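Analysis of the macromolecular model
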Amino acid sequence: MGKDKVHIFDTTLRDGEQVPGCKLDTKQKLVIAERLDELGVDIIEAGFPISSPGDFNSVSEIAKLVKNATVCGLTRSVRKDIEVAAEAIKSAKKPRIHTGIGTSDSHITHKFKSNREDILERAVAAVKYAKSFVEDVEFYAEDAGRTDNDYLARVCEAVIKAGATVLNIPDTTGYCLPEEYGAKMKYLKENVKGIEKAILSCHCHNDLGLATANSISGVINGARQIECTINGIGERAGNTSLEEVVMIMRQHPYLNLDTNINSKLLYDTSLMVSDKMGMVVQPNKAIVGSNAFAHSSGIHQDGVIKNRETYEIMDPHDVGVNESSIVLTARSGRAALAYRAKNVGYELTKNQLDVVYENFLKFADRKKEILDTDIHKIVETSNISISTFT
Ligand code: KIV
Ligand code: ZN
């Protein structure tokens, strides 16, 4: 049986771009949008068109440029927002309006100073209005993570009746536990009349470091879309990281879930977004961090040199990384030194390696990392006669 497809909704250019200091101009957004399309994302959330003329222009240009993906514009449940978004995405081959409203009691009371019935009516009216412009309307129930499940189910049922094709269940504050978020999806699957007409979508924030776990729990429990960003960038602690959810589904085939993503472009796309946004990727970031396939302790290095799978659950080539790296530090062993020395042209006998290794440790205690140029110096000052093969 074929795997169930999980749609990847990329919001790097909308939620991702809300990071302070990461503002992109239209030209930069177009380059990223083109790459996201090539990467195979299903939906590109290109921006929030009412927010500024610049954002309107970016969404509109992206809508003209993108060949395969759906292009989506965000709105509040406000008629003017919806009209402006509809105008911005009108040239898209596959346009989508993403409209919604806060549904938690906290949002209803403090943000809207309203009540549940009024919010439900506003949600329905927004979906109906968006539907008058485009067929594909996604509804978000902001702060769904902290919304009472019975009320959330009522809102979902009403907006499906009004024409919503996708139901976004955001954990806006990153508060949920994976079991809780998964249970919410299951509850909606089991209690919303007409749910088979809509796709449930995960939109998780990373305030407690659970965005990826929550999204995976969501799809295990019936959601079929994940909203995410390259490198997990986004408001505060960020959004679900695209590369993480994609590779989790690939590396766990028994989940029977997959995406259209060409994973070989993940690393390069990560570098591109990091460069354009001026936002450094933490070295220990899963999948795309500079240390994700680097081994530095002697025991691990020895294992990886004997068989990569001893300490790697993924082939780096699958995510576009050329090879695993064996980093030489004072914690490295003889196997790693012999391996790296061989790479730069020295085939060391066992006795030679013993001598060079002693010299190496003295260098390594003075330096954080031993580079190829250092290896030459170490071998040459080791007082052994040696032939190189380069
Ligand atoms: O986190 C959130 O709730 C959002 C919505 C606007 C979709 O980004
Ligand atoms: Zn968000």
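Residues numbered from 1 in each chain as written. Chains lettered and ligands numbered in written order. Predicted model: local features only at pLDDT ≥ 70, side-chain atom pairs only at ≥ 80, totals over all residues. Heavy atoms only, no water.

**Comments concerning helix H9 (residues 242-251)**
With respect to burial, H9 is a largely interior element, 7 of its 10 residues being buried. Listing the buried residues of H9 in full gives Leu242, Glu243, Glu244, Val245, Val246, Met247 and Met249. Summarising the contacts, the buried residues of H9 are in contact with strand S2 (7-10), helix H1 (26-39), helix H8 (211-220), strand S9 (225-228), strand S10 (257-258) and helix H10 (266-277). (Buried < 20%, exposed > 50% of the residue type's maximum accessible area, 1.4 Å probe, protein only. Helix = DSSP H or I, 4+ residues; strand = E, 2+ residues; numbered from the N terminus. Contact = heavy atoms within 4.5 Å.)

**Examining the coordination of the zinc ion (ligand 2)**
Every protein donor of the zinc ion (ligand 2) is listed here as Asp15 (OD), His203 (NE2) and His205 (NE2), and their distances to the metal cover 2.0 to 2.1 Å. Within one chain, the residues serving as donors to the zinc ion (ligand 2) are arranged as D-x187-H-x1-H. Taken together, the positions of aspartate 15 in the loop between S2 and H1 and histidine 203 in strand S8 (residues 199-204) put the pair 188 residues apart, joining distant regions of the chain. Each member of the pair aspartate 15 and histidine 203 is classed as buried. (Donors = N, O, S within 2.8 Å, 3.2 Å for Na, K, Ca; no water.)

**Observations regarding the sheet that holds strand S5 (residues 95-102)**
Strands in a sheet are paired, the pairing made by backbone hydrogen bonds, and the direction either parallel or antiparallel. Pairing within the closed barrel is parallel, and its 8 strands lie in the order S2-S3-S4-S5-S6-S7-S8-S9. Adjacent strand axes in the sheet meet at a mean angle of 25 degrees when their direction is disregarded. Direction of pairing for strand S6 (residues 136-142) relative to strand S7 (residues 166-171): parallel, over a ladder of 3 bridges. Each bridged residue has a counterpart across the sheet, and for phenylalanine 139 the counterpart in S7 is leucine 167. Contacts from H8 reach S7, S8 and S9, with the element oriented near 170 degrees to S8. (Pairing = 2+ DSSP bridges. Axes fitted to C-alpha atoms, helices over the stretch in contact; angles between N-to-C directions.)

Worth remembering: the numbers are spatial, not functional.
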